[in-house]
Amino acid sequence: MTVNLTCTQVSALLSFYIDDKLSNQLKQFVEAHLEICPTCNAKLEALRSMIKSLREVHEKLSVVKSGAEEYAQSEQNNDFSINLSAYIDNELSDEENLKVKKYIISNPKARQDLEKMYKLKKIMQNSFDKAKNNSKGDYSKFILRRIDMHEEIYGPDSFAKVVALFIIILTVFTITAVIIFWV
Amino acid sequence: MSKMFYKKIPLEELVLLSQKSDYRALEELIKREQKNIFATFSYLSKKRENIADLTQEALMRMAKGLAALRNPKTFKSWLNQIVTNLFYDELRKINRSPQVISIDEEPHEESFGRQIPDTKHKPAERAMSSELDKMIKNEIQNLPDHFRIAIILRELQGLSYEEIAEATHTTVGTVKSRIARARGRLQDGLRHYI
Ligand SMILES: [Zn+2]
């Protein structure tokens, strides 16, 4: 036996029908009405496409949203670790310094990062000190010798000497030539 | 004046005397700086055989250029400018040879990769520390060139960000980020020791 539903009743049930939330019997009644009523059919289609597009928009929005959040978070972390690094180098403005300090106090993970940075600093400096002590070469004599040679060849004093010597030789040569010529 | 006298002179005065062609002052100045420069190049240069030559060249430039240094107070950053210029010269030379070196911020992947210490057998402390030294050097040398020079000028030479920016021809902001990223990489590479 079939109960004939009115258009108003079917309209009210359509969204439950789409979501498959009706009892089998009620579902059958709705379907029976839809078969004979183009108006309700059209309403069903409109409702379906509306829900579909709403879902799509929602999904897009949530993708954009979660992406943006993730990005903002990583940016923030990145900025923070850069500032933490500048903080241990004492290269922050007073305002930034205070911000980092507050963050470190309230954030155990940041404290851990800070400790690691200090530790790295320390082992690098130890390693460098060792490298300094291990270097045994003495370059001082070599450098001084080379600078000395440089001065002798190109120094203004030596240049004057060379010119004077050249003039003397030339004069002596000329005089000798003149004497030889006359004799 | 005795050698002992020169050994006790503060750096700034030593620079002033050297500028006035006091050779014994210059000799002492070279002796004071050479270990530092040698050690610095041992982290900067990827080629061990170049370290001595680079050190010698840096000291030579220092000795020759000292007369032109106006403010002896800036000696340290001036000397590091010489070291930095030599570092970039070396990179350019390597660049000209067929082997490709990255000048960009991102590193080339090293084929030999990272050595992960064997934690099962704890070696003697001494061996441990020399192993650590090798690791540190290795990690620093594997940093991208710009990161390497920045972190070395900071941690090993104690320059300010501004001085580093000037020496490497960049902005303070870039120096800040390069140093932070260098630290991040080193922490990652040396995570078993930190
Ligand atoms: Zn109807």
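Above this text is the structure in question.
Note that the coordinates shown come from a computational prediction; the quantities given were computed from them, not determined experimentally.

> Even after reading the chapter, I still don't get the overall build of chain B, so can you show me in this structure?
Within chain B, the regular secondary structure consists of nine helices and zero strands. The order of helices and strands in chain B, counted from the N terminus, is α-α-α-α-α-α-α-α-α. When contacts within chain B are restricted to residue pairs at least 6 apart in sequence, those whose partners lie at least 24 apart make up 62%. Here chain B has roughly 10,300 Å² of accessible surface; of this, 52% comes from carbon and sulfur atoms.

> Even after reading the chapter, I still don't get the nonpolar core, so can you show me in this structure?
One broad trend across soluble globular proteins is that nonpolar side chains are buried collectively. One finds B:Phe41, B:Met62 and B:Phe75 to be the most contacted residues of the largest nonpolar core, which totals 75 residues. Grouped together as the second largest cluster of nonpolar side chains are 12 residues, A:Val10, A:Tyr17, A:Val30 and A:Leu34 included.

> Where do I start with the environment of B:Ala167 in this structure?
All names here are of chain B. Checked against the element boundaries, Ala 167 lands in helix α8 (residues 161–167). Judged by relative accessible area, Ala 167 falls into the buried class, the value being 2%. Spatially, the C-alpha atoms of Ala 167 and Ile 82 are 8.7 Å apart, while their sequence positions differ by 85 residues. Apart from the residues lying within four places of it in its own chain, the contact partners of Ala 167 are Gln 81, Thr 84 and Leu 153.

> I'm lost on the packing of helix α1 (residues 7–18) of chain A against helix α2 (residues 24–36) of chain A in this one. Help?
Two packed helices can be described by the angle between their axes and the distance between those axes. Residue and element names in this part refer to chain A. The geometry of α1 relative to α2 is characterised by a closest axis approach of 10 Å and an angle of 120° between their N-to-C directions. One way to sum up the angle between α1 and α2 is to call them oblique. Here the hand of the crossing between α1 and α2 comes out left-handed. The segment α1 lies against α2, with Cys 7, Val 10, Leu 13, Leu 14 and Tyr 17 engaging Leu 26, Lys 27, Val 30, Glu 31, His 33 and Leu 34. Here the contact of α1 with α2 is composed, by residue class, of eight nonpolar, one polar and two charged.

> How do you make sense of unusual backbone geometry when you look at a structure like this?
Of all residues except glycine, most have a negative phi; of all peptide bonds, most are trans. Residues and elements named next belong to chain A. Backbone geometry at Asp 20 places phi at a positive 60°, although glycine is not the residue there. Considering the arrangement of structural elements, one finds Asp 20 in the loop between α1 and α2. Phi is positive for Asn 90, close to 60°, though the residue is something other than glycine. Of note, Asn 90 is situated in the loop between α3 (38–88) and α4 (94–106). Note on Asn 90: relative accessible area 64%, which makes it exposed.

> What am I meant to see in the coordination of the zinc ion here?
Residues and elements named next belong to chain A. Here the zinc ion is held by the protein donor atoms Cys 7 (SG), His 33 (NE2), Cys 37 (SG) and Cys 40 (SG), which lie 1.9 to 2.5 Å from it. Classification of the site at the zinc ion rests on its four donor atoms, whose angles at the metal span 97 to 121°, yielding the label tetrahedral. In primary sequence terms, the donor set of the zinc ion follows C-x25-H-x3-C-x2-C. Remark: His 33 occurs in helix α2 and Cys 7 occurs in helix α1; sequence separation between them is 26 residues. Residue His 33 is classed as buried on the basis of its relative accessible area of 9%.

> It is not clear to me how the packing of aromatic side chains should be interpreted in this structure. Could you clarify?
To describe a pair of aromatic rings, you give the distance between the ring centres and the angle between the ring planes. Residues and elements named next belong to chain B. This model, assessed by the stated rule, comprises five aromatic pairs over all chains. Relative to Tyr 6, the ring of Phe 5 has its centre 5.3 Å away and its plane inclined at 80°; by these criteria the two rings are edge-to-face. Ring centres of Phe 75 and Trp 78 lie 6.0 Å apart, and the angle between their planes is 40°; this geometry places the pair in the tilted category. Highlighted residues: Phe 75 and Trp 78, both in helix α5 (residues 75–96), separated by three residues, approximately one helical turn. Over the ring of Tyr 43 we find Lys 137, and its NZ or CZ is 5.2 Å from the ring centre.

> Is there a simple way to explain the interface of chain A and chain B in this structure?
Often, the extent of an interface is quoted as the loss of accessible area upon association of its parts. Counting residues at the interface gives 39 residues for chain A, matched by 44 residues for chain B. Both faces considered, chain A and chain B share a buried interface measuring about 3,700 Å² in area, 64% of it formed by carbon and sulfur atoms. Considering only the side of chain A, the residues that lose the most area to chain B are A:Met124, A:Phe128 and A:Tyr139, jointly responsible for 19% of the buried surface there. The tally of links from chain A across to chain B stands at six salt bridges. As a salt-bridge pair, B:Asp133 and A:Lys130 come within 3.0 Å of each other at their nearest N and O atoms.

> I tried to follow helix α5 (residues 108–134) of chain A on my own but got confused; where do I start?
Quick reminder: α-helices carry 3.6 residues per turn. Residues three or four places apart thus point the same way. Residue and element names in this part refer to chain A. Taking 1.5 Å as the rise per residue, α5 with 27 residues should run 39 Å; its terminal C-alpha atoms sit 39 Å apart, in good agreement. Of all the residues in α5, the buried ones are Ala 110, Leu 114, Met 117, Leu 120, Lys 121, Ile 123, Met 124, Ser 127, Phe 128 and Ala 131. Capping the start of α5 is the job of one residue whose side-chain oxygen sits 3.0 Å from the backbone nitrogen of Lys 109: Asn 107.

Procedures and definitions
Residues numbered from 1 in each chain as written. Chains lettered and ligands numbered in written order. Predicted model: local features only at pLDDT ≥ 70, side-chain atom pairs only at ≥ 80, totals over all residues. Heavy atoms only, no water. Helix = DSSP H or I, 4+ residues; strand = E, 2+ residues; numbered from the N terminus. Contact = heavy atoms within 4.5 Å. Areas by Shrake-Rupley, 256 points an atom, 1.4 Å probe, with all protein chains shown as cover. Core = buried A, V, L, I, M, F, W, Y, C linked by side-chain atoms within 4.5 Å. Buried < 20%, exposed > 50% of the residue type's maximum accessible area, 1.4 Å probe, protein only. Axes fitted to C-alpha atoms, helices over the stretch in contact; angles between N-to-C directions. Parallel < 35°, antiparallel > 145°, perpendicular 65-115°, else oblique. Left-handed = near helix turned anticlockwise from the far one by under 90°. Nonpolar A, V, L, I, M, F, W, Y, C, P; charged D, E, K, R; others polar. Donors = N, O, S within 2.8 Å, 3.2 Å for Na, K, Ca; no water. Tetrahedral: all angles 85-135°; square planar, octahedral: opposite > 155°, others 65-115°. Phe/Tyr/Trp six-rings, centres within 6.5 Å; stacked < 30°, edge-to-face > 60°. Lys NZ or Arg CZ within 6 Å of the ring centre and 35° of its normal. Buried area = accessible area lost by both parts, 1.4 Å probe. Salt bridge = Lys/Arg side-chain N within 4 Å of Asp/Glu carboxyl O. Expected span 1.5 Å × (residues − 1). Polar contact = N/O pair within 3.5 Å; in protein donor to acceptor, adjacent residues only side chain to side chain.

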